[in-house]
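# Summary of the model geometry
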Amino acid sequence: MIGLSDSIEAQQRLRGHILETPLLRVPALDSVAGCQVYLKAENLQLTGSFKIRGAMNSLLQLTAEQRRAGVVTASSGNHAKAVSWAASKLSLDVHVVMPHNPNPSKLEAIRALGATVLFAGTASSERAAKARELQAMGKVLVHSHADEAVIAGQGTIGLEIVEACPQIDTIVVPVGGGGLISGIATAIKGLSNQIKVVGVEPSGAPRYTESLKSGFPVTLGHVDTIADGTRCDHADPGNYRRIQEMVDEITLVDEESIKAALRACVLDAKIIAEPSSCLGLASAMSKTLSVDTHEKVCFVITGGNNDIQMLKSLL
Ligand SMILES: *Cc1c(COP(=O)(O)O)cnc(C)c1O
């Protein structure tokens, strides 16, 4: 079981390997969000998303033997970029399993980091199976959200927020596989019960909302959302338990609200955010999350890796 101390250790381990991103006070968004808006700018993090925290924390703890064997991951997005980047910094061999129809710019970026790319199917379950084959051959599997070192690494975001603004009332976190919110909630609740941690899922991918209703971790039959960093189709049992125990509330946002929040981020806050990173702001703007005008609310801007054509079409 992981706790606050794992994120404190991760923070020390990661020093010099990642950036401490700014916590921005953004009054320009106060009236649309209905609270005092703070943005944790992980779009400015190395590799363009927070995923480098977990990936680097995991790779820095490998044994000499594991380092020789190399690593494998099955993500096609920000996690794969982060693992490839961290592996290249640490001179480790890395394999990334991608779908047969990859996003060409992501494929290019991952190859440019020196990763060996393997293709397997179009469903995430097919890619996971391929990654497990490589794991069986001795490679170290670095999972994007069901790995304790990864989760503890993501928790360092919570520590930085409280260090920068000890008076923060609420932290709002986009939820995909649930590793990010598990890490942040573990760190925050270890520090203080006064700070609320809220999760937001797209209504097109409500795996933890449905799991909390059912009382067990569910797999969705279908997911569809513009927020591609949160398209995971199932609730991980460990993260489900952490969310159930430590997260104060999980809320949903629709696609139009995500697009409106992205426009507000870019045009009003002047922050280049990707759709997945706007779920929190979307929940405050569309009132699926109730906040108070005096409340200091931190929205975690999880990444800024936009497809430029898609971004243009949304503005
Ligand atoms: C991975 C990711 C998320 C979701 O994180 P989980 O740990 O899967 O819940 C949100 N936003 C962005 C930009 C991501 O890359």
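All of the points below concern the structure found in this document. (Residues numbered from 1 in each chain as written. Predicted model: local features only at pLDDT ≥ 70, side-chain atom pairs only at ≥ 80, totals over all residues. Heavy atoms only, no water.)

So, on to the environment of N306. Inspection of the secondary structure assignment puts N306 in the loop between β10 (296–301) and α14 (308–314). Taking relative accessible area as the criterion, N306 reaches 19% and is therefore assigned buried. When the C-alpha positions of N306 and G121 are compared, they lie 24 Å apart, and in sequence the two are 185 residues distant. Leaving out residues up to four positions away in the same chain, N306 has contacts with L262, I272, A273, E274, P275 and L311. A polar contact of 2.8 Å, which involves the side chain of N306, links it to the backbone oxygen of A273. (Helix = DSSP H or I, 4+ residues; strand = E, 2+ residues; numbered from the N terminus. Buried < 20%, exposed > 50% of the residue type's maximum accessible area, 1.4 Å probe, protein only. Contact = heavy atoms within 4.5 Å. Polar contact = N/O pair within 3.5 Å; in protein donor to acceptor, adjacent residues only side chain to side chain.)

In the region of the ligand, 15 residues are neighbours, and K51, G176, G177, G178 and T302 sit closest. Between the ligand and the protein, one listed contact pairs an oxygen atom with a backbone N or O atom of L180 at 2.9 Å. Burial of the ligand by the protein chains amounts to 97% of its free accessible area of 380 Å². Considered class by class, the residues forming the shell around the ligand number three nonpolar, 10 polar and two charged. (Near = heavy atom within 4 Å. Areas by Shrake-Rupley, 256 points an atom, 1.4 Å probe, with all protein chains shown as cover. Nonpolar A, V, L, I, M, F, W, Y, C, P; charged D, E, K, R; others polar.)

Residue placement: L118 occurs in strand β5 (residues 116–119). Considered as a pair, L118 and K51 are 67 residues apart in the sequence and their alpha carbons are 21 Å apart.

Residues L29, V37, L39, L281 and F299 are the most contacted members of the largest nonpolar core, which totals 32 residues. Those elements that provide at least two residues to this core are β2 (36–41), β8 (196–202), α12 (255–268), α13 (279–285), β10 and α14. With six residues, the top contributor of residues to this core is α12. Leave out the neighbours within four places in its chain, and L39 touches P22, L23, L24, V26, L29, A269, I271, F299 and I301. (Core = buried A, V, L, I, M, F, W, Y, C linked by side-chain atoms within 4.5 Å.)

Backbone hydrogen bonds are what pair the strands of a sheet, in a parallel or an antiparallel way. One open sheet accounts for four strands, arranged β5-β4-β3-β6; its pairing is parallel. Edge positions in the open sheet fall to β5 and β6 (140–141), since each of these has one partner strand only. Where strand β4 (residues 94–98) and β5 come together, four bridges link them in parallel fashion. Of the residues in β5, the one forming a bridge with V96 is V117. In this fold helix α7 (residues 124–136) packs onto β3 (71–73), β4, β5 and β6, with an angle of close to 155° to the strand it touches most, β4. (Pairing = 2+ DSSP bridges. Axes fitted to C-alpha atoms, helices over the stretch in contact; angles between N-to-C directions.)

Next up on the list: the pairing of β4. Most of β4 sits inside the fold, with five of its five residues counted as buried. The alternating pattern of β4 places V94, V96 and M98 and H95 and V97 on opposite faces, both of which are buried. Bridge count for β3 against β4 is three bridges, and the pairing is parallel. Among the inter-strand pairings, V71 is bridged to a residue of β4, identified as V94. Handedness of the crossover joining β4 and β5 through helix α6 (residues 104–112) is recorded here as right-handed. (Right-handed = clockwise from strand over helix to strand, strands pointing away.)

Right, let's talk about the pairing of β2 for a bit. Among the six residues that make up β2, six are buried, leaving the element largely enclosed by the rest of the structure. Both strand β1 (residues 23–25) and β2 contribute to a ladder of three bridges, which runs antiparallel. Residue pairing across strands places L23 opposite K40, the latter belonging to β2. Inspection of the sheet shows β2 paired to β10 by six bridges, in the parallel sense. Looking at β10, one finds that Q36 is bridged to K296.

The next thing to look at is α6. Where α6 is concerned, the buried positions are K106, L107 and I110. Buried positions in α6, seen along its axis, are confined to an arc of 100° and lie on one side of it. Facing away from the buried side of α6, by more than 90 degrees, are the exposed residues P104, E108 and A112. Those residues of α6 that are buried lie in contact with α5 (78–89), β4 and β5. Immediately downstream of α6, the backbone of G114 shows phi near 95°, a positive value. (Arc of directions from axis to C-beta.)

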